[in-house]
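Inside the fold
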Amino acid sequence: MRSLFQPIRFDWKIVFITVASTLLLIVDAYHLFAPYKEIDRTILYLVLPLFFIIFIFRESPREYGFTLGEWRAGLLLTLGGIVLMTPVILFLGRGDVSMQTYYDGFTAYLPWTTFLELFGWEFLFRGWILFGYARKFGPEAIWLQAVPFALAHVGKPEIETLSTIFGGFAFGWIAWRTKSFFYPFLIHWYIYTLVILVASGLIG
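The shown structure was predicted, so the numbers you read here are calculated from the model rather than taken from an experiment. All residue numbers here refer to positions counted from 1 along the written sequence of the relevant chain. Restriction of local features to residues with pLDDT of at least 70 applies here, the model being predicted, together with a cutoff of 80 or more for giving and counting side-chain atom pairs; totals for whole chains, interfaces and linings are based on all residues. Heavy atoms throughout the structure, all of them, feed into the side-chain values; hydrogens and water do not.

1. Focus on helix 8 (residues 182-199)
Given a rise of 1.5 Å per residue, 18 residues ought to cover 26 Å, and the 26 Å separating the end C-alpha atoms of helix 8 matches this to within 8%. Segments assigned H or I by DSSP are reported as helices when at least four residues long, segments assigned E as strands when at least two residues long, and all are numbered from the N terminus. Phi for glycine 201, located one or two positions after helix 8, is positive at around 85°. For a helix, the expected span equals 1.5 Å multiplied by the number of residues minus one.

See below:
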């Protein structure tokens, strides 16, 4: 008779990335440690993952997309993303009341607030999670990292949240293609800043 408790072998780095990234997202949702949320997110999503990579995984951050990677492709994809998304944001930001209500009052200190909020955010998803998962799951990691990314948007305007599983995949593919989280960050920084400006009525 086979034992009920069959041994299961886990990849400890996959387990660590999954548990730690989930806890970081939960802690961010429930707590404010610094005077500004942007500082919290830089610590939670950039400083701590880098600490884990260097001192626990004993690896280089370059292995997790902390590099310029294939910069020529990255710049072309960044420009393409900006050209493609600008009319979409102008249309949605002007026509969706929920976005206008949600982003009211977000314009102070732009674009530095969005820079600080998103730099670590992108490294968490398109750096640590994506390239960590890719070692085990290959290109399926592009979809896998998009799931927590989408769920982390719950509470934002519905039309934005519904789009994030696809946007998360697109950002993940760009990071995968360029071997860097930097280019998804540039596109996301532009998109987020423009969304706030359009929803607030300052552009468009």
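Here the narrative resumes.
2. Observations regarding the packing of helix 5 (residues 112-137) against helix 8
Whenever a helix is involved, its axis is fitted only over the stretch in contact; in every case the axis is a line through C-alpha atoms, and angles between N-to-C directions fall within 0 to 180 degrees. The N-to-C vectors of helix 5 and helix 8 enclose an angle of 140°; their axes lie 9 Å apart at closest approach. Put simply, helix 5 runs oblique to helix 8. Our pair here, helix 5 against helix 8, has a crossing hand that is right-handed. On helix 8, the residues that touch Thr114, Phe115, Glu117, Leu118, Phe119, Trp121, Glu122 and Arg126 of helix 5 are Phe182, Pro184, Phe185, His188, Trp189, Tyr192, Thr193 and Ile196. Residue polarity follows a fixed list, in which Ala, Val, Leu, Ile, Met, Phe, Trp, Tyr, Cys and Pro are nonpolar, Asp, Glu, Lys and Arg are charged, and the others, Gly among them, are polar. For the contact of helix 5 with helix 8, the class distribution of residues is 10 nonpolar, three polar and three charged. Roughly parallel means an angle under 35 degrees; roughly antiparallel means over 145; roughly perpendicular covers 65 to 115; every other angle is labelled oblique. By definition, turning the near helix anticlockwise from the far helix through less than a right angle yields a left-handed crossing, and turning it clockwise yields a right-handed one. Every residue pair with non-hydrogen atoms within 4.5 Å of one another is taken to be in contact.

3. Here's the deal with the packing of helix 5 against helix 7 (residues 158-178)
Orientation of helix 5 relative to helix 7, taken along the N-to-C sense of each, is 65°, at an axis distance of 10 Å. Compared by their axis directions, helix 5 and helix 7 come out roughly perpendicular. Read as a crossing pair, helix 5 and helix 7 show a hand that is right-handed. Residues Glu122, Arg126, Leu130, Phe131 and Ala134 of helix 5 pack against Gly168, Phe171, Gly172, Ala175 and Trp176 of helix 7. The residue makeup of the contact of helix 5 with helix 7, split by class, is six nonpolar, two polar and two charged.

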